[in-house]
Every structure is written in C-alpha cells, then in structure tokens.
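Each chain is listed here by its residues.
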Amino acid sequence: MTDVKTWQPAAAPPGGSQPSPKRVHKGSARHVSSHDRVVAALAIAPLLITLGLVATVVWMSFQADPSRPGSRLTDAAYRQLAGSDTIRSVLLNTVVFTVVAVAVSGLFGVVAAWLVGRTNMPGKNLVRTLMTVSVILPGYLTAMGWLFLFGPRIGSVNDFLAKVPLLSGLEINIASPAGMGVVQGFSLAPLFFIMLVDVFASADPSFEEAAQVHGLRRLTVTTRVILPLVRPSVLAAAFYTSMVAAAAFDVPAIVGLSGRVLTLSTYLYLILNPGAASSPAYSEAAAVGVLLVLATLLPMLLYLRLLNRSYKYGVISGKGYRVRLSRLTGPGKVYAWTFLGFYFAFAQLLPVLNTVWTSLQPYMRPISRAAFSDISLEAYRTMPWDLLMQGFRNTVFLMLLAPTLAVFFAVFISWTVIRSRLAWRGLYDFGAFLP
C-alpha cells in the first residue's frame, strides 16, 4: 500500500485556492447537481461586478466626453496616448520598476523560503513570524522610511554621505524606477516567501538523495535537481508578484512623485486629480486603465496556466516518506542569518525606526547628539486628531466589511471552481483573479 502525497508547486496566492488534480473535474455539464448550480448562482455577483466595471472603463475610454450622456464614440484618447512622449516614459518606468521589484523580491523570498523549508537553520519560526509581519506592515510606512533614509533631498543617509569627502559622490537616489523597484521588492519578498516555503518543505528529497549517491556535488544537485522541481512554483510566484508590482501605488506615489518619476498607477492618479486648474481627463484615464489591465493580463494568464498544470508535479511515495533537511554547518548558519538580518534590517527595522525618529524632530535630519536634544512630541500635539479619528473609524469599517464580503464570496467561488462540474467554471476563476 502506498500513500499519494500531492505536491503542487505552482503556488497559489495567499488566501487563494489551489486547483485540484484533473480527475476532480472529469465529467460533463449534464451531470451538474442542483447544489452546484445554487452555489454558482451565489458566486456570480462579484464576477458580474468585476466584468461590468472593466467593461465600463473600456467603454469610457472610447467616449469623447464621458461626463455627458450620449457622447460620441472616438479613439481620440488612444491616439493621444500613442503620440505622447510622457506615456512612453511612464511605460518604460513601469517595466523597469516591475522587473526590479520581482528580481529583488525573488532573491530574498526564494532564499528565505529555502532556508526555512529545506535546512536545519535555527530560528525558523522567528523568520516565519517576521515575514508574516512584513506582509501586514503597511507599504506606505516602509516607503516613507526609505524616503527619509535615501531620498534625493531629505535622505539622512545621503546627507551623511555628502558630508564625507571620500563618499560625497556615492549618494543613493531611490526616486528612480530602479530605486522604487528595490523598495517595492523588499515589500513583496514576504509574498514570495509565503508562496514558496511550503513548496520547499514538502518536496520529496529522494531525487536529491539519489543524485548525491551518484556523486554529484551539492551545487550540481541544486541546479540540476532541486531548481527544476520548484521552477513552476518560482515562475508562478514571479508572475503573481509582477502583477502586484505593476499596479502598485504606495511606493511609486510616496517615493516616485517626489522626483516626478511616474508609473502607470501614479500617472493615472495625476490624470484624475489635476488640481483646480483643469478638470479630470476621464477618457484618457480610462485608456490608461485599459493599458494597466493589459499590462497585467499576460502574467495573469501565465500564472493561471501554471496553476492548472500543477497536478503534473505530484509525488507518489510510501508511508516511510520523510522530509530530510539540508544540514548547515556553523559558518553556513552564520551566513544564512547574516543574509536574513540584512533583509529584515532594511525591509522593516531601519525604515520604521527612521520614520519614528523623523516624527520626533522639528525637521528632517540624521541622528546626532544635537538632534537628540531637540526630540519632542510637537508633531503629535499639533496633529489634526479629529481627521485622524475619522480616518481610523473609516479604516476599521473597511477592515470589518471588506474581509467579510471577500470570504463570503470566496467560499462560493472556490467551491464552484474546484468542486463543481460546470463547463464554464473557469470564468469564475478568471473573474475572481482579475481584480
């Protein structure tokens, strides 16, 4: 007798559903039960809303004046974008920002997932906890911290480097597409980690052991055995992270707008909020929104394709199946925690501490003996607490309402996609993933 342990390396997003093997979906639509039809009917609302909103944006992009009913149809918005040098620069910035964010998040996320899932490194529970905290830490908080550290005009590190004769030319400018990508990559690394850590932890080590028995070196085993096994998971995480990065707003807004470095999300924001001098260009904004959807459509389809093929990577093993961890020597454990310590310091500790430090100072400046004498709570005393409490109440309301609705509809959508025999269940998967 053998147990079948299915390892599905095409990782699903946090909170998302993993597709089951193909055998679950065998059957034809004529065998659909009444229960499946009822569940599908309950799950149809968010699908219709999502597709309806996308259709509305596409429709508005062809309107000469969307604010007027019965406006004539035209492609003027797209022709205006096609002839704009600004949109070319914005698209290039978005591509560079996304690629760098995926590369940085993949580097730290994959290595951390491997250390926690496949090695005997001490303190793995602490790493899991810190990575989870990184996910729930607001992106704008770390973005402000990075801006206060490495901003082109107010960065304390750059201010320090400018005062050192031998280091005056080493100023770091994060208000650039690549710089913003690094900041966003640090924020997205925990997402990479969460999607991959269980993949590494559940991988059958028999292939690795067989390669080592035949005399292959550890590096060769890693590149020729382990990495090919987890490649679908890494690619899926990269596609998913690229979609998140391409539509990200917090880091491009806080870091990029200070240097007028625009991505698609911040460019769309400026079009819809031009100030009192002019009115919003709704047609152009809708056209930019369509471009943003198209920019994420390809990685989304590739990600869903990998999810649907994950059943091909099942591992059949006996009851003696045990995950054997790679043993790190003393220096190896030091290198591992040095790598992780560098990440946690720059991704969480330094940005948060620098934000707190800045809030206690009358103006932005680096840590010094004189600065300690000027520490005060004046910024907190003069804060508009009435607006802050209003924002707090609105945030709590959203925290209660949004997850409740999300879980409610996700249960019915997941059942329809995974367990039902509906021929058009793939539309639910696509519609749920599109937002």
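Not measured: the values here are computed from a predicted model.

(A) Geometry of the overall build of the chain. For the chain, the count of helices and strands is 18 helices and two strands. Long-range pairs, those at least 24 residues apart, make up 75% of the contacts in the chain with a sequence separation of at least 6. For the chain, the exposed surface amounts to about 23,800 Å²; the carbon and sulfur share of it is 67%.

(B) Summary view of the pattern of salt bridges. This structure, assessed with the given rule, holds three salt bridges. A salt bridge links R79 to D75; its shortest N-O distance comes to 3.0 Å. You can call R79 exposed: its relative accessible area is 52%. You can call D75 partly exposed: its relative accessible area is 35%.

(C) Layout of the layout of surface pockets. As a volume, the second largest pocket reaches approximately 340 Å³. Surrounding the second largest pocket, 21 residues form its lining, S134, V135, L137, S187 and L188 being those nearest its centre. If one sorts the elements of the lining of the second largest pocket by residue count, helix 8 (residues 177-202) sits on top with seven residues. When grouped by side-chain class, the residues that make up the lining of the second largest pocket number 14 nonpolar, six polar and one charged.

(D) Geometry of the packing of helix 4 (residues 85-118) against helix 8. Direction vectors running N to C along helix 4 and helix 8 enclose 35 degrees, while the axes themselves pass 5 Å from each other. Considering only the axes of helix 4 and helix 8, their crossing is right-handed. Counted by class, the contact of helix 4 with helix 8 contains 25 nonpolar, eight polar and one charged residues.

(E) Fine view of the packing of aromatic side chains. Counted according to the given criterion, the structure contains 16 aromatic pairs. Here the aromatic rings of F186 and Y343 are separated by 5.7 Å at their centres, their planes lie at 5 degrees, and the arrangement is stacked. Taken together, the positions of F186 in helix 8 and Y343 in helix 14 (residues 330-359) put the pair 157 residues apart, joining distant regions of the chain. Taken as a pair, F186 and Y343 share a single burial class, namely buried. Each member of the aromatic cluster is reached from another via a ring pair, and the members are F108, W146, F150, F186, F339, F342, Y343, F344 and F346. Here R419 stacks its cationic end above the ring of W415, 5.1 Å away from the centre of that ring.

(F) Region of the structure containing the nonpolar core. Formed by 52 residues in total, the largest nonpolar core has its most connected members in M121, V127, F193, Y303 and Y343. Sorting the residues of this core by element identifies helix 4, helix 5 (124-136), helix 6 (139-150), helix 8, helix 10 (218-246), helix 11 (250-256), helix 13 (282-308) and helix 14 as the ones contributing at least two each. Among all residues touching Y343, those that are not within four sequence positions of it are F108, M131, S134, F186, A189, P190 and Q348. Judged by nonpolar contacts, the second largest core, of 13 residues, contains L81, Y267, I271 and A287.

(G) Molecular detail of the packing of helix 4 against helix 14. Packing of helix 4 against helix 14 brings their axes to within 11 Å, and their N-to-C directions diverge by 140 degrees. With respect to helix 14, the element helix 4 is oriented oblique. Between helix 4 and helix 14 lies a crossing whose hand is left-handed. On the side of helix 4, the interface is formed by L107, F108, V111, A112 and L115, while helix 14 contributes A336, F339, L340, F342 and Y343. Residue composition of the contact of helix 4 with helix 14, by class: 10 nonpolar, no polar and no charged.

(H) Representation of helix 4 within the structure. The first and last C-alpha atoms of helix 4 sit 48 Å apart over 34 residues, in line with the 50 Å expected at 1.5 Å per residue. Where helix 4 begins, the side chain of S84 points an oxygen toward the backbone nitrogen of T86, at a separation of 3.2 Å.

(I) Inspection of a nonpolar patch on the surface at higher detail. A surface patch of nonpolar side chains, about 880 Å² in accessible area, is lined by L377, Y380, W385, L388, M389, F392, V396, M399 and L400. A per-element tally of the nonpolar patch places helix 17 (residues 385-418) first, with seven residues. When you line up the elements, M389 lands in helix 17. Residue classification places M389 among the partly exposed residues on the basis of a relative accessible area of 37%.

(J) Inspection of helix 17 at higher detail. Look at helix 17: 48 Å from first C-alpha to last across 34 residues, which is about the 50 Å you get at 1.5 Å a residue. Along helix 17, the residues that are buried comprise F412, I413, T416, V417 and I418. Contacts made by the buried residues of helix 17 are with helix 1 (34-42), helix 2 (44-61) and helix 18 (426-433).

(K) Fine view of the environment of L268. Looking at the secondary structure, you find L268 in helix 12 (residues 264-272). If we ignore the near neighbours within four places in the chain, the residues touching L268 are A285 and V288.

(L) Geometry of the environment of L130. Tracing the backbone shows L130 in helix 5. With residues near it in sequence (within four places) discarded, L130 still touches F344 and Q348.

(M) Seen up close, the environment of S242. Tracing the sequence through the fold places S242 in helix 10. In this view, S242 contacts T98, V102 and P299; residues no more than four positions away in its chain are not counted.

Thresholds applied
Residues numbered from 1 in each chain as written. Predicted model: local features only at pLDDT ≥ 70, side-chain atom pairs only at ≥ 80, totals over all residues. Heavy atoms only, no water. Helix = DSSP H or I, 4+ residues; strand = E, 2+ residues; numbered from the N terminus. Contact = heavy atoms within 4.5 Å. Areas by Shrake-Rupley, 256 points an atom, 1.4 Å probe, with all protein chains shown as cover. Salt bridge = Lys/Arg side-chain N within 4 Å of Asp/Glu carboxyl O. Buried < 20%, exposed > 50% of the residue type's maximum accessible area, 1.4 Å probe, protein only. 1 Å grid on protein atoms, 1.4 Å probe; cavity = no way out; pocket = protein on both sides within 12 Å on 5 of 7 lines; lining within 4 Å. Points joined across faces, edges and corners; volume = space filled by probe spheres on them. Nonpolar A, V, L, I, M, F, W, Y, C, P; charged D, E, K, R; others polar. Axes fitted to C-alpha atoms, helices over the stretch in contact; angles between N-to-C directions. Left-handed = near helix turned anticlockwise from the far one by under 90°. Phe/Tyr/Trp six-rings, centres within 6.5 Å; stacked < 30°, edge-to-face > 60°. Lys NZ or Arg CZ within 6 Å of the ring centre and 35° of its normal. Core = buried A, V, L, I, M, F, W, Y, C linked by side-chain atoms within 4.5 Å. Parallel < 35°, antiparallel > 145°, perpendicular 65-115°, else oblique. Expected span 1.5 Å × (residues − 1). Polar contact = N/O pair within 3.5 Å; in protein donor to acceptor, adjacent residues only side chain to side chain. Patch = residues over 30% accessible without salt bridge, like charges linked within 9 Å, V, L, I, M, F, W, Y side chains within 5 Å.

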